[in-house]
Amino acid sequence: MQLITWNVQWCRGVDGRVDPARIAREAQALADFDVLCLQEVARGFDGLPGSRGEDQMAMLRDALPGYRGFFATATELDDGRRRFGNAVFSRWPVLQTFRHRLPWPADPAVPSMQRVALELVLQSPAGPLRVLSTHLEYYSPRQRMTQVDALRALHAEACAHAARQRPDGDLGEPFEVRPRPVSAFFCGDCNFPPDGVEHRRMLAPFADDTQAFVDAWEAVNPGRPHPPSWGVHDRSHPLMCCDFVFATSDLAPALRGVTVDPVSQASDHQPVLVTWA
């Protein structure tokens, strides 16, 4: 089973060209993935460099036959004509969809924007699995840490539901209980480094028996530094790792590989591939 996470910079490559189909091609060339988590997908934003205001979700869906695509809006303007956020594409059945608006405490010293986390409950071959795609604040450490705490709270809430709920089956009602598993991957551009306080907070144990997270790269490559995922080809950005996959600890024994693709120039970030059994 394979998952890719990628900040696609509104599908704008290092060459300045916006091309959603190229994103799809390069993701498929990297792996025959089951799940694709994307950040910075734009719909109608003609003011972004290189963009003509195209609906990138529609173009990505066209370029990824066999996958279902889901979108969560972080920023929405002009009666919904302009939207910017995160996406997940899955070849597995989708049991539930959650769109979590992350906290955005005021920090007037820096620019910032609303952030969102898109969570899908998928029916994987190994059983129900939660997958979350998110993009945390870049400029404000205070906002970023608040968002990390919010992600941890969302995970603890899901684990509490998993411990107390038993699925009803398909009753065709909004009140039916669907699977809300403990097992999860939290993926995205976190805008903090591997040695950052936010990274340590993400991996910190919970006060109760809630499953803690592991950094998938560190679980598969103990003692090896994270390779850079940003600024590899676009040297206007600092060279750093800020794109992560965090897995619940029950998934750690199943992890088989984590790869940061060093070749792609279809975005200012590099795609990250995770393989598990």
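For the structure itself, look to the data block above.
Quick notes on the rules
- Residues numbered from 1 in each chain as written.
- Predicted model: local features only at pLDDT ≥ 70, side-chain atom pairs only at ≥ 80, totals over all residues.
- Heavy atoms only, no water.
- Helix = DSSP H or I, 4+ residues; strand = E, 2+ residues; numbered from the N terminus.
- Buried < 20%, exposed > 50% of the residue type's maximum accessible area, 1.4 Å probe, protein only.
- Contact = heavy atoms within 4.5 Å.
- Lys, Arg positive; Asp, Glu negative; His and termini not counted.
- Charge placed at Lys NZ, Arg CZ, Asp CG, Glu CD.
- Salt bridge = Lys/Arg side-chain N within 4 Å of Asp/Glu carboxyl O.
- Core = buried A, V, L, I, M, F, W, Y, C linked by side-chain atoms within 4.5 Å.
- Pairing = 2+ DSSP bridges.
- Axes fitted to C-alpha atoms, helices over the stretch in contact; angles between N-to-C directions.
- Phe/Tyr/Trp six-rings, centres within 6.5 Å; stacked < 30°, edge-to-face > 60°.
- Lys NZ or Arg CZ within 6 Å of the ring centre and 35° of its normal.

A.B. asks: Tell me what's going on with the overall build of the chain, and back it up with residues and numbers.
C.D. replies: In terms of helices and strands, the chain carries five helices and 12 strands. Taken across its 277 residues, the chain has 56% of its residues classed as buried. Restricting to contacts in the chain with at least 6 residues of sequence separation, those with at least 24 account for 67%. Computing the positive centroid from 28 side-chain charges and the negative centroid from 34, the chain places the two 0 Å apart.

A.B. asks: With reference to specific residues and values, describe the pattern of salt bridges.
C.D. replies: Taken as a whole and assessed by the stated rule, the structure comprises 15 salt bridges. Across the pair E54 and R52 runs a salt bridge whose closest N-O atoms are separated by 3.7 Å. Taking the relative accessible area as the measure of exposure, E54 reaches 9% and is therefore buried. Accessibility expressed as a relative area gives 59% for R52, which makes it exposed.

A.B. asks: Tell me about the environment of V88, and please be specific about residues and values.
C.D. replies: Residue position: V88 is located in strand β4 (residues 82-90). V88 gets classed as buried once you look at its relative accessible area, which sits at 0%. Separated by 31 residues in sequence, V88 and E119 place their C-alpha atoms 8.4 Å apart. If sequence neighbours within four positions are ignored, V88 has contacts with V35, L36, C37, R68, G69, F70, L118, L120 and S133.

A.B. asks: Break down the nonpolar core for me, with residues and values.
C.D. replies: Within the largest apolar cluster, 29 residues are counted, with the highest numbers of intra-cluster contacts made by L3, V35, F185, V245 and W276. Here the element with the most residues in this core is strand β6 (residues 116-124); it accounts for four residues.

A.B. asks: Account for the pairing of strand β3 (residues 68-77), naming residues and giving values.
C.D. replies: Of all 10 residues in β3, seven are buried; the element is thus mostly enclosed. Two elements, β3 and β4, share nine bridges in a ladder whose sense is antiparallel. Paired with T73 across the strands is G85, a residue of β4. Linkage of β3 to β4, two consecutive antiparallel strands, is achieved through a turn of four residues, within which D78 is found at a positive phi near 55°.

A.B. asks: Lay out the sheet that holds β6 in plain terms, naming residues and giving numbers.
C.D. replies: If you walk across this open sheet you meet the six strands as β5-β6-β7-β8-β10-β9, and the pairing is mixed. Only two strands of the sheet have a single partner each, and these edge strands are β5 (94-101) and β9 (213-215). Neighbouring strand axes in the sheet, compared pairwise and without regard to direction, differ in orientation by 20° on average. One ladder, built from seven bridges, connects β5 with β6; its direction is antiparallel. Across the sheet, V94 pairs through a bridge with L122, a residue of β6. Running at roughly 165° to strand β7 (residues 127-135), helix α3 (residues 141-164) makes contact with β5, β6, β7, β8 (184-189), β9 and β10 (243-248) of the sheet.

A.B. asks: So what's going on with the packing of aromatic side chains? Which residues, and what values?
C.D. replies: Under the counting rule described, the total for this entry stands at 10 aromatic pairs. Arranged with centres 4.8 Å apart and planes meeting at 55°, the rings of F186 and F213 form a pair that is tilted. You can see F186 sitting in strand β8 and its partner F213 sitting in strand β9, a full 27 residues away along the chain. Exposure remark for F186: the relative accessible area of 4% places this residue in the buried category. Given a relative accessible area of 3%, F213 falls into the buried group. Taking the ring centre of F206 as reference, the NZ or CZ of R152 above it sits at 4.1 Å.

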